[in-house]
Amino acid sequence: MQSSLSFQQLLLRASHWLALICRLVAGIALIGLLAVTIADVSTRYLARMTEGAISLRVSGSVELVSYLMLFALLAAMSANVEKSQVVVEAFSHRLPQAIKNRIQGLFLLGFTALGLILFVGLLDSAAAATRYGEVTQDLRLPMGPIFQLAAVLSLLLGLRSFIHALLGMIYATGEEAAHGE
């Protein structure tokens, strides 16, 4: 009994630290996204107000926002995977909470598979981009590291989903899910 309790605590602790890392990445990406957007809008407005006398531009702002949004979404999904499930209680509303948590754990195995599939695909894309020297269209940034970071965030999605799938299926623990009412 003691070893299973410690394994459960280990899983919870690992999930907690991975969630903190993911929240940090998501926060940094969102702050970067907002900074690029504010800078782009401000410089455009300044150019318009001065009738072109001051024409500063944020080069590649659309590209930067796109990649920062990718990182923010993947990191936020990874950080909140156990809390963001929508439960439609048409079939489970009379079931005990322990059974609902086990079903949610089973459902999280799908997110585990999704995270791992994205991880493998993005690693393959990163290898190909590095091999062929692919760069972004506007800023000419190398695509390999962009795909690698997205792959790591996808792996974290799969890993946290797997941890919470185990917690749900074995220990019947789970977060309160959002109800589809």
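Everything quoted here is computed from the prediction, not taken from an experiment.

1. Remarks on helix 4 (residues 143-171)
Thinking step 1. Here helix 4 spans 41 Å end to end across 29 residues, near enough to the 42 Å set by a 1.5 Å rise per residue.
Thinking step 2. Two residues or fewer past helix 4, Ala172 is found with a positive phi of approximately 55°.

2. What to know about a nonpolar patch on the surface
Thinking step 1. There is a patch of nonpolar side chains on the surface, built from Leu46, Ile54 and Leu56 and spanning about 240 Å² of accessible area.
Thinking step 2. Considering the arrangement of structural elements, one finds Leu56 in the loop between helix 1 (2-49) and helix 2 (61-79).

3. Thoughts on the pattern of salt bridges
Thinking step 1. In this structure the tally under the stated criterion is two salt bridges.
Thinking step 2. Among the salt bridges present, the one from Asp40 reaches Arg44, with a minimum N-O distance of 3.2 Å. Linking Asp40 with Arg44, this pair stays in helix 1, spanning four residues, or about one helical turn.
Thinking step 3. The residue Glu82 makes a salt bridge to Arg160 at a minimum N-O spacing of 3.0 Å. Taken together, the positions of Glu82 in the loop between helix 2 and strand 1 (86-87) and Arg160 in helix 4 put the pair 78 residues apart, joining distant regions of the chain. The pair formed by Glu82 and Arg160 is uniform in burial state, with each residue classed as buried.

4. What to know about helix 2
Thinking step 1. Relative to the 27 Å expected for 19 residues at 1.5 Å per residue, helix 2 spans 26 Å between its end C-alpha atoms, a close match to the ideal helical length.
Thinking step 2. What helix 2 keeps buried is the set Ser61, Glu63, Leu68, Phe71, Ala72, Leu74, Ala75, Ser78 and Ala79.

5. Description of the environment of Gly121
Thinking step 1. Turning to its location among the elements, Gly121 is positioned in helix 3 (residues 97-132).
Thinking step 2. In sequence terms Gly121 and Ala151 are 30 residues apart; their C-alpha atoms lie 7.9 Å from each other.

6. Observations concerning the nonpolar core
Thinking step 1. The biggest cluster of nonpolar side chains holds 25 residues, and the ones touching the most others in it are Phe71 and Leu153.
Thinking step 2. Contributing elements (two or more residues each) for this core: helix 1, helix 2, helix 3 and helix 4.
Thinking step 3. If near-sequence neighbours (up to four positions away) are discounted, Leu153 is found in contact with Val25, Phe71, Leu74, Ala75 and Ser78.

7. Points about the packing of aromatic side chains
Thinking step 1. In this structure the tally under the stated criterion is one aromatic pair.
Thinking step 2. Aromatic side chains Phe107 and Phe111 sit 5.7 Å apart centroid to centroid with 70° between the ring planes, which places their arrangement in the edge-to-face category. Taken together, the residues span about one helical turn, with Phe107 and Phe111 both in helix 3 at a distance of four residues.
Thinking step 3. On the accessibility criterion, Phe111 (22% relative accessible area) is partly exposed.

8. Here we look at unusual backbone geometry
Thinking step 1. Phi at Glu51 takes a positive value of approximately 55°, unusual for a residue other than glycine.
Thinking step 2. Among the structural elements, Glu51 can be located in the loop between helix 1 and helix 2.
Thinking step 3. A positive phi angle is found at Arg140, which is not glycine, with a value near 60°.
Thinking step 4. With respect to the element layout, Arg140 can be found in the loop between helix 3 and helix 4.
Thinking step 5. Judged by its relative accessible area of 57%, Arg140 is exposed.

Conventions and cut-offs
- Residues numbered from 1 in each chain as written.
- Predicted model: local features only at pLDDT ≥ 70, side-chain atom pairs only at ≥ 80, totals over all residues.
- Heavy atoms only, no water.
- Helix = DSSP H or I, 4+ residues; strand = E, 2+ residues; numbered from the N terminus.
- Expected span 1.5 Å × (residues − 1).
- Patch = residues over 30% accessible without salt bridge, like charges linked within 9 Å, V, L, I, M, F, W, Y side chains within 5 Å.
- Areas by Shrake-Rupley, 256 points an atom, 1.4 Å probe, with all protein chains shown as cover.
- Salt bridge = Lys/Arg side-chain N within 4 Å of Asp/Glu carboxyl O.
- Buried < 20%, exposed > 50% of the residue type's maximum accessible area, 1.4 Å probe, protein only.
- Core = buried A, V, L, I, M, F, W, Y, C linked by side-chain atoms within 4.5 Å.
- Contact = heavy atoms within 4.5 Å.
- Phe/Tyr/Trp six-rings, centres within 6.5 Å; stacked < 30°, edge-to-face > 60°.

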